[in-house]
Amino acid sequence: MINYTIGEFAAILGVTPDTLRLYEKQGIIKPRIDDKNNYRYYNDFDARSLLMSRWYRSMRISLQDVTLLTKNSSVEDIINKVQETQDKLEDEIKKSIMLLNKIKELNYEFKEIKSTLNQCTLKKIPGVYRLKQTNGNMLLNDDSLRSLVSAWMNTLPYAYYSYRIDYKKILSKENYLELNWGLAINEDEIDKTGLKIDHNIQYIKPQTCISAVILATDDEYMMKDSLAQMIDYVKKNNYSISGDIIGKIILTEIIEGEKKSYLETNIPI
């Protein structure tokens, strides 16, 4: 049987010497070590072990599991590990397809944003679960919210940053509108996230709204004037406001240091 140096063996099999060292460390291959010069020599049996290991790795089986499969494994062990890898890959593909569809939806929304700016439409919005995170612009420092916020942040981009305005403020004479902010997820997407809903989560029922995209600067308050066109539309069509105004940030444009946010705004009627 022919013995090969580490350089020769690596070149023949199309791997690097570092890969050979790693596989030796895992016990997958066991080269003969010359006591005189400490050189490593590999043979054809090492090639078979290495190629089988690389074959398993090509199926995204972890190196740790590959080590077990190459040392002591029955047909049943191999089948179970491959099945486990198949199930994991199918789950990853499912999540990737969901994410791709969400990105397509968002990209369409972005492309339409300027053409729909300040255009009022009648819209049926789905139910919304919402985690309130601020009073005005001040973050809520509440221990009970911290673990929830972490879980909700992991649901992006299905979650989005939403705002809510007390409808009584719209009816008042004040021109400054204070918003409270928080993460939100539409009811029809909650199953995609695996989130648990508890008493800390607000629920906003499905409702018919006057909806429009408005442009807002990065100020502490929203001016009532920015909703003037929508409020005029409500009055012109003899509607009445039936609840708090809710909306979301679609995207924020930053040009020469100036921030402008495109906000979807929904006025329940």
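Residues numbered from 1 in each chain as written. Predicted model: local features only at pLDDT ≥ 70, side-chain atom pairs only at ≥ 80, totals over all residues. Heavy atoms only, no water.

### Thoughts on the overall build of the protein chain
Within the protein chain, the secondary structure is distributed over eight helices and 15 strands. Here the C-alpha atoms of the protein chain give a radius of gyration of 30 Å, more than 25% beyond the 18 Å that 2.2 N^0.38 yields for 269 residues. In terms of its C-alpha atoms, the protein chain occupies a principal-axis envelope of roughly 95 × 45 × 35 Å. Within the protein chain, the fraction of its 269 residues that count as buried is 36%. (Helix = DSSP H or I, 4+ residues; strand = E, 2+ residues; numbered from the N terminus. Rg over C-alpha atoms; globule rule 2.2 N^0.38 Å. Buried < 20%, exposed > 50% of the residue type's maximum accessible area, 1.4 Å probe, protein only.)

### Concerning the packing of helix α3 (residues 44–58) against helix α4 (residues 63–71)
Where α3 meets α4, the axes come as close as 10 Å, and the angle between the chain directions of the two elements is 135°. Taken together, the axis directions place α3 and α4 in an arrangement best described as oblique. Crossing geometry of α3 relative to α4 is assigned as right-handed. The residues of α4 that touch α3, namely those facing S53, Y56 and R57, are L63, V66, L69 and T70. When its residues are assigned to classes, the contact of α3 with α4 shows four nonpolar, two polar and one charged. (Axes fitted to C-alpha atoms, helices over the stretch in contact; angles between N-to-C directions. Parallel < 35°, antiparallel > 145°, perpendicular 65-115°, else oblique. Left-handed = near helix turned anticlockwise from the far one by under 90°. Contact = heavy atoms within 4.5 Å. Nonpolar A, V, L, I, M, F, W, Y, C, P; charged D, E, K, R; others polar.)

### Remarks on the sheet that holds strand β14 (residues 245–255)
Overall, antiparallel pairing links the eight strands, which are arranged β4-β12-β15-β14-β8-β10-β5-β11 in an open sheet. This sheet does not close on itself; its edge strands, each paired only once, are β4 (121–125) and β11 (202–204). Direction aside, the axes of adjacent strands within the sheet are offset by 40° on average. In terms of strand pairing, strand β12 (residues 207–217) meets strand β15 (residues 258–268) through nine bridges, oriented antiparallel. Its bridge partner being in β15, T217 is matched across the sheet by K260. Sitting on the sheet, helix α8 (residues 228–236) touches β12 and β15, and the angle it makes with β12 is about 155°. (Pairing = 2+ DSSP bridges.)

### Notes on the environment of H199
Turning to its location among the elements, H199 is positioned in the loop between β10 (180–186) and β11. With a relative accessible area of 74%, H199 lands in the exposed category.

### A word on a nonpolar patch on the surface
Where nonpolar side chains cluster on the molecular surface, the patch consists of L89, I93 and I97 and spans about 240 Å² of accessible area. Inspection of the secondary structure assignment puts I97 in helix α5 (residues 75–112). (Patch = residues over 30% accessible without salt bridge, like charges linked within 9 Å, V, L, I, M, F, W, Y side chains within 5 Å. Areas by Shrake-Rupley, 256 points an atom, 1.4 Å probe, with all protein chains shown as cover. Salt bridge = Lys/Arg side-chain N within 4 Å of Asp/Glu carboxyl O.)

### Brief notes about the pairing of strand β5 (residues 128–132)
Most of β5 sits inside the fold, with four of its five residues counted as buried. Looking at chain direction, β5 and β10 are connected through five bridges and run antiparallel. Bridging from a neighbouring strand, L131 pairs with L183 of β10.

### Some thoughts on the pattern of salt bridges
All told, the structure shown has 13 salt bridges when counted by the stated rule. In this structure, R60 and E92 form a salt bridge, with 3.4 Å as the shortest nitrogen-oxygen distance. Taken together, the positions of R60 in the loop between α3 and α4 and E92 in helix α5 put the pair 32 residues apart, joining distant regions of the chain. Judged by its relative accessible area of 59%, R60 falls in the exposed class. Of the charged contacts in the structure, one is a salt bridge between R164 and D244, with a shortest N-O distance of 3.2 Å. One end of the pair, R164, is in strand β8 (residues 160–165); the other, D244, is in the loop between α8 and β14, with 80 residues separating them in the sequence.

### Some thoughts on the side chain of N186
Relative to the helices and strands, N186 is located in strand β10. There is a polar contact of 2.8 Å between the side chain of N186 and the side chain of Y160. Setting aside residues no more than four positions away along its own chain, N186 makes contact with P126, G127, V128 and Y160. (Polar contact = N/O pair within 3.5 Å; in protein donor to acceptor, adjacent residues only side chain to side chain.)

### Focus: the layout of surface pockets
Considered as a void within the structure, the largest pocket measures approximately 730 Å³ in volume. Residue lining of the largest pocket: 35 residues in total, with E109, K123, K248, I250 and E264 positioned closest to the centre. Among the elements that take part in the lining of the largest pocket, α5 stands out by supplying seven residues, more than any other. (1 Å grid on protein atoms, 1.4 Å probe; cavity = no way out; pocket = protein on both sides within 12 Å on 5 of 7 lines; lining within 4 Å. Points joined across faces, edges and corners; volume = space filled by probe spheres on them.)

Distances and angles like these do not, on their own, reveal function.
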